[in-house]
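# Geometric and topological summary
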Amino acid sequence: MIVMGWSTILRGTKNGLVITWELARVIIPVFFCVTILKYSPVLPWISDHLVPIMQMVGLPGEAALPLVLGYFLNIYAAIGALLPLGMSVREITIMSVMLLLAHGLPIEAAVAKQTGVPVFGLILVRITLSFLSGIFFNLIL
Amino acid sequence: MLEIMREAVLGSLSNVIQIAMIVIPLMIFIEIIKDMNWLRFLTAAMAPFTRWMKLPNEAGLPLVAGLVFGISYGAGIIIQAAREGTLAYRDIYMINLFLVICHSVFEDTILFAAIGAVWLPVLVFRLLLAVAVCLVVAHFWPSYPERLFREGQKAVESVLE
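Just so it is clear, the model here is predicted, and its values are computed rather than measured.

Turning to the packing of helix 2 (residues 39–52) of chain B against helix 3 (residues 60–69) of chain B, a few remarks are in order. The relative placement of two packed helices is expressed as an angle between their axes plus a distance between the axes. All names here are of chain B. Between helix 2 and helix 3, whose axes approach to 9 Å, the crossing angle comes to 115°. Relative to helix 3, the crossing made by helix 2 is right-handed. Within the contact between the two elements, helix 2 uses L39, L42, T43, M46 and T50 and helix 3 uses G60, L61, L63, V64, A65, L67, V68 and F69. Considered class by class, the residues forming the contact of helix 2 with helix 3 number ten nonpolar, three polar and no charged.

On the chain B side, the residues contacting the 54 residues of chain A number 56 residues. Across the chain A to chain B interface the summed buried area is about 5,000 Å²; carbon plus sulfur atoms make up 78%. At the junction of chain A with chain B, the criterion picks out three salt bridges. When the shortest N-O distance is used, the salt bridge between K38 of chain A and E7 of chain B registers 2.8 Å. Counting the contacts that link chain A with chain B gives twelve residue pairs in polar contact (both at pLDDT 80 or more). Breaking the side of chain A that touches chain B down by element, the ones donating at least two residues are helix 1 (6–38), helix 4 (75–82), helix 5 (89–101), helix 6 (105–113) and helix 7 (120–140) of chain A.

Reading guide: rules and limits
- Note that residues are indexed from 1 along each chain, following the sequence as it is written.
- Naming scheme: in the order in which they are written, chains are lettered from A and ligands are numbered from 1.
- Under the rules for a predicted model, residues below a pLDDT of 70 receive no local features and side-chain atom pairs below 80 are neither given nor counted, while totals for whole chains, interfaces and linings still include all residues.
- Side-chain calculation: all heavy atoms of the structure are included, whereas hydrogens and water are not.
- Axis angles are defined between N-to-C directions and span 0 to 180 degrees, where every axis is a line fitted to C-alpha atoms and, for a helix, only to the segment in contact.
- In this description a helix means any DSSP run of H or I spanning at least four residues, a strand means any run of E spanning at least two, and both kinds are numbered starting from the N terminus.
- Two helices crossing with the near one rotated counterclockwise from the far one by less than a right angle form a left-handed crossing, whereas a clockwise rotation gives a right-handed crossing.
- We call two residues in contact when some of their heavy atoms are within 4.5 Å.
- Amino acids are sorted into nonpolar (Ala, Val, Leu, Ile, Met, Phe, Trp, Tyr, Cys and Pro), charged (Asp, Glu, Lys and Arg) and polar (every other residue, Gly among them).
- Accessible area that two parts lose when put together, with a 1.4 Å probe and added across both, is what the buried area reports.
- Salt-bridge detection follows one rule: a side-chain nitrogen of Lys or Arg within 4 Å of a carboxyl oxygen of Asp or Glu.
- Under this definition, polar contacts are N or O atom pairs within 3.5 Å; protein pairs additionally need one hydrogen-donor-capable and one acceptor-capable atom, and for neighbouring residues in sequence, both atoms have to be side-chain atoms.

Purely geometric stuff here, so don't read any function into it on its own.
The structure is reproduced here in C-alpha cells:
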C-alpha cells in the first residue's frame, strides 16, 4: 500500500508543470489585455459605473473585471486580470475570499451535476456567500 | 506603447515563474499524500465534523478527497460511492454543498498566497463556512435536500446507467 519513490516525485513534477502551463496560457494573455485596457479609457469607464457595487466589499471599481472573469472562467484568469491592477494586500485578500468561494461556476457546476444533484441552488449559494464574505472581510480587515 | 508592452511581458512572466516555484513542489507533496494513503488519517480527523453534519462515515472519504485534490476528484469518489450504494441521495447533496464552498484547499490557497494575499484567515474562514452552512442545513433545514429527493433520485439512476 505504501509505495513512494521517484515515480511519485516524477508524477508530482509533471502535474506541477502541467498546471504551470495551463495557468501561464491563461494568465499571460489576460495580463496583456488588462494592462492595455488599464491605459485606455475603457477600464476607467467600466470601473466608474461599478464603484457603488464594489464599494460594498471595499474594492476599487476595476476589481469587477477579475471578479467576473473568475466567476465565469477560472481562478487563473482572475489572477491574470488582478495582477496588473496593482492592488494592496488588503484588497487582494478580499478578492481571494470572494474568488475562492465562487469561481469557474459553469465548469464546476457541470462537475457537481455529474454526481446527480441539481446545481442551480449550489451556484446561488456560492455567489451569495462570495459577496457576503467580501463584505465581512472588508469589515474585519 | 513600448513601455506598456514591457510592463505586460515582465509582469506576467515574473508572476507565472513565482507561482510555478510554489505549485510544482505542492503537486509533488499532493502525489506523496496520495501514494502514502494519508487520506485515511485526514478522514479520521474529519469524522467528528462528518457526524456533526449528520453524514455517514462513508461521506468522509469524498469530503477529504475534494478538500485535498479538488472538486473533480471528489466527484469521482462520490459517483463511485453512489454506484456501490453506500451514500444516500441526501448525503450526496450535502457533500456537494460542502465541496462547492470549500475545495482544493492546498492549490487554490497557494495560488493566492503566491500573489500576496493573507491566506491563513481565508483558509480557516472557508473551512468554517462550509461546515457551518452544512450544519445549518442538516439541523434546521433537513427538508431542503429531501425536497430535491425525487428529482435527484432519477438523476442518480441516470448516472448509474
